[in-house]
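If you want the building blocks of each chain, they are given just below.
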Amino acid sequence: NTKDKFAKFAHNLISYQLPRSYLEGYEKIKKKIEESKVPKNPKIIITSIDHIWNDVFKLYSAQKILNGSKLFVTQHGGMYGITDLNLGEKIEMRIPDKFLSWGWKQGIRKVLPFFLQKTAYKKINKKRDASGLIIPIMDINLIPGQEFLQGSPRDKMGVNKYIDNIVSFISQVNQNILNTSGIKYIDAYKCDYTLKSLKFKFPNFKFINPKKNTYAISNRFKLTVETVNSSGFLEALNLNIPVILIYDEKYYSLRKSAVKDFKMLKKVKIVHNSP
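To start, this report covers the structure provided alongside it. As the structure is a prediction and not an experimental result, all values here were calculated from the model. (Residues numbered from 1 in each chain as written. Predicted model: local features only at pLDDT ≥ 70, side-chain atom pairs only at ≥ 80, totals over all residues. Heavy atoms only, no water.)

### Remarks on the packing of helix α6 (residues 156-171) against helix α8 (residues 193-201)
When two helices pack together, their arrangement is given by the angle between their axes and by how far apart the axes lie.
Stage number 1. Two numbers describe how α6 lies on α8: the axes approach to 10 Å, and their chain directions differ by 35°. Taken as a pair, α6 and α8 cross one another with a handedness that is right-handed. Across the interface between the two elements, K156, V159, N160, Y162, I163, I166 and V167 from α6 touch Y193, T194, S197, L198 and K201 from α8.
Stage number 2. Of the residues in the contact of α6 with α8, the class split is seven nonpolar, three polar and two charged. (Axes fitted to C-alpha atoms, helices over the stretch in contact; angles between N-to-C directions. Helix = DSSP H or I, 4+ residues; strand = E, 2+ residues; numbered from the N terminus. Left-handed = near helix turned anticlockwise from the far one by under 90°. Contact = heavy atoms within 4.5 Å. Nonpolar A, V, L, I, M, F, W, Y, C, P; charged D, E, K, R; others polar.)

Spelled out as structure tokens, the structure:
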């Protein structure tokens, strides 16, 4: 019954922000663990994302760690080690015994420089008739706080700016190139605001949902145009796939150790601040 606008706003967000498993369902989760075939006394538990999204795995791991198991987390995304403020990374530096990175360490004791395991043993050969651009997009939730992905927009104003950047870029590309280009999207997100906005703006453009990583279909296209400083960009660099990044500094904040690398990427016109 308050007139305080922020209090009303915060109250409306509660159902989106507070996981149900924090309030109920403990016995149900416990039963799932007991019925599963997971090891009863593992020495080491290794995960990439289940410690973030899987409540059953979280509880199982917590119980085993209390009994002496070790938890190793492998890097699963491209913003780790690059962005100035990555809340997920900060938490993950506290939870596991070891964090296996894609090659960086930066003086953090529990970080072990590993490799980009998603592209291991993979090789991409461009087709001779490759043409056009493949432009992956990310649909970001409009409700603040649901996504703690530093390097991507975190509110509706940022998302609108993100969409404007893509529209500005596409609008300046030669039509002959656009005829064989495509926007790649993922339909797993709960929000499709970006996708609908771009479909409205470019009704005749090719939109594809191949269920594969961008690098896996990049052999059909001349150039990959990444719109978020994330996994896809690093995967393309790692596999030597021609790629550029549209990099908006308004929602990308680099840590000091990455500034030099990005200056080099700008110098050779791989990274672009302006669409």
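### Considerations on the layout of surface pockets
Stage number 1. Its boundaries defined by the atoms lining it, the second largest pocket holds a volume of some 310 Å³.
Stage number 2. Residue lining of the second largest pocket: 17 residues in total, with G81, I82, L234, D261 and F262 positioned closest to the centre.
Stage number 3. Among the elements of the structure, α10 (231-238) and α11 (256-267) are those that each provide at least two residues to the lining of the second largest pocket.
Stage number 4. Ranked by residues supplied to the lining of the second largest pocket, first place goes to α11 with five residues.
Stage number 5. For the lining of the second largest pocket, the residue count by class is 10 nonpolar, six polar and one charged. (1 Å grid on protein atoms, 1.4 Å probe; cavity = no way out; pocket = protein on both sides within 12 Å on 5 of 7 lines; lining within 4 Å. Points joined across faces, edges and corners; volume = space filled by probe spheres on them.)

### Brief notes about the packing of helix α2 (residues 26-35) against helix α4 (residues 55-66)
Stage number 1. Their axes nearest at 9 Å, the elements α2 and α4 cross at an angle of 75°. One way to sum up the angle between α2 and α4 is to call them roughly perpendicular. The segment α2 lies against α4, with Y26, I29, K32 and I33 engaging D55, V56, L59, Y60 and Q63.
Stage number 2. Classifying every residue of the contact of α2 with α4 by side-chain character gives six nonpolar, one polar and two charged. (Parallel < 35°, antiparallel > 145°, perpendicular 65-115°, else oblique.)

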